Every structure is written in C-alpha cells, then in structure tokens.
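Chain by chain, the residues:
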Amino acid sequence: MPVPIRMTKIHHACLTIDDGSTRILLDPGKFGPRPGLDGVDAVLITHRHFDHFDPELVEEALGRGVPVWMPGDAFGDLGDPGGLAGGDNLHEAVAGATLRIGALTVRVSGGRHAEVHPTIPGPENRAYLIDERVLVTGDEHPVPPSRPTTLVTPIDAPWLRATDLIRYVRDVHPELVVGVHDGLLNADGLSVARHVIDSLRDEGATRATMLSDGESIDIPG
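Residues numbered from 1 in each chain as written. Predicted model: local features only at pLDDT ≥ 70, side-chain atom pairs only at ≥ 80, totals over all residues. Heavy atoms only, no water.

On to helix H1 (residues 55–63). Pro 55, Leu 57, Val 58, Ala 61 and Leu 62 are the residues of H1 that are buried. The buried residues of H1 occupy an angular sector of 160° when projected down its axis, which confines them to one face. Of the exposed residues in H1, the ones pointing more than 90 degrees away from its buried face are Glu 56 and Gly 63. With a side-chain oxygen lying 3.0 Å from the backbone nitrogen of Glu 56, the N-terminal cap of H1 falls on Asp 54. Gly 65 sits one or two residues past H1 and shows a positive phi near 80°. (Buried < 20%, exposed > 50% of the residue type's maximum accessible area, 1.4 Å probe, protein only. Helix = DSSP H or I, 4+ residues; strand = E, 2+ residues; numbered from the N terminus. Arc of directions from axis to C-beta. Polar contact = N/O pair within 3.5 Å; in protein donor to acceptor, adjacent residues only side chain to side chain.)

Shown next, in the form of structure tokens:
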C-alpha cells in the first residue's frame, strides 16, 4: 500500500519529496540559503536558470556520491563534467525516461521553458512525476505522463498569466495544487498569489495552497 509522501518547501521553487525511506531534492537554486544534502538520495533539476540550479551545490552533491539528473543543456554550466569528482553520478534527464530512485519511481517529461522572448527559445525544461502522484513542472505547463494527484507549479513568473495557469489546472485536473516560484514577491504580491491559488478550487482542483519556506504538507498514498 502506498505510503504518504511529505513535501517540504525550502524556498522559491526548491523542495524535498520524502516517503520516509527516500528523499529527493528538487530545484535547489540561488533564491535562498543552500539546502543541506544529508539524507538526500538524488537531486533533480528542471532547468538551468539560477533560481532553480546552483552549480556549486550540484558539484557538492556529485562529490558526495549523490546522483543528479538535469537537462543536457545545463551540463555546460558545470565546466567540464567529466573532470568533476563524482562526475559519473551526473545524468541527463531525458523526456520519456523512467528513473528509479530508492523506493520512488520518477517519470520524466517536459520540453522547453515557457516562452519569455518572441524569437529566442528558452532552455530545456524537464518535469518530474514522482510515484505517479506528484508532478513538479518546472517553468512550463507540460503534458503529464499520467494524471497526478498533486501538481506543483509556479504561481508567479515573468512568463506566467493567471488565465494560462487556470487552463492548465483545468486540463490536468489534480486533487491538489501547490503553488511555488514565489521568491520575487513582496507581501502584496504574495497576497495576490494566494488569491489566485484560492481561485483554483473552482477550476478543477479540490485543494490548492502555497507553502511558506520550511513548511511541509503530506500527500496521501
């Protein structure tokens, strides 16, 4: 029988997923204190933007033998990956692949970062569906490999319109939406974001919330 998963927001888009035996760290960027790596079984990066990806933390993880998955176009930000200590623990996250990390299965999807410029494409973006329950989208609205019960997706971003978020939630129809990517917001902006989150309960989600830094939520099995 599936066990509950505890999701903890570290800051901005950085969070951990922990089922009691396996802990995954996602998108440790530079919008807050560097998270610790003790007890972390893998690091997953959605894309190479600095608010999601800290090369120094990734190098530390590799040196400690912690496997890291990220899009191929982010490898160059590590200098010469082949020369890194623990470089054999660095893996490309390929859309369509299925990973086994401890007790958890991770299905990779996604394509490219949502458009922020009319002619210059953004970086590769990977979404991760963890244990067929939790979809962490990164900075796009990807088609999930299967319907997740929990959708973890930006509530604020330069590329994001509320109407697009509403359409996405209607399409995915999760039980729970967790809004992240709020590191640029002041108190007034957070108030607006929480209003948008609350509105998603009428747009296909049973529950919707934002977590404060350090706050956790349990996702049932």
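Moving on: helix H3 (residues 187–199). With 13 residues, H3 should reach 18 Å at 1.5 Å per residue; the first-to-last C-alpha distance of 19 Å fits that figure. What H3 keeps buried is the set Gly 189, Ala 193, Val 196 and Ile 197. For H3, the angular spread of the buried residues around the axis is 100°, confining them to a single face. Those residues of H3 that are exposed and angled more than 90 degrees off the buried face are Ala 187, Asp 188 and His 195. Contacts made by the buried residues of H3 are with helix H2 (162–172), strand S12 (176–180) and strand S13 (207–210). Where H3 begins, one side-chain oxygen reaches toward the backbone nitrogen of Asp 188, 3.1 Å away; that side chain belongs to Asn 186. (Expected span 1.5 Å × (residues − 1). Contact = heavy atoms within 4.5 Å.)

So far we have only geometry, and geometry alone does not tell us how the molecule works.
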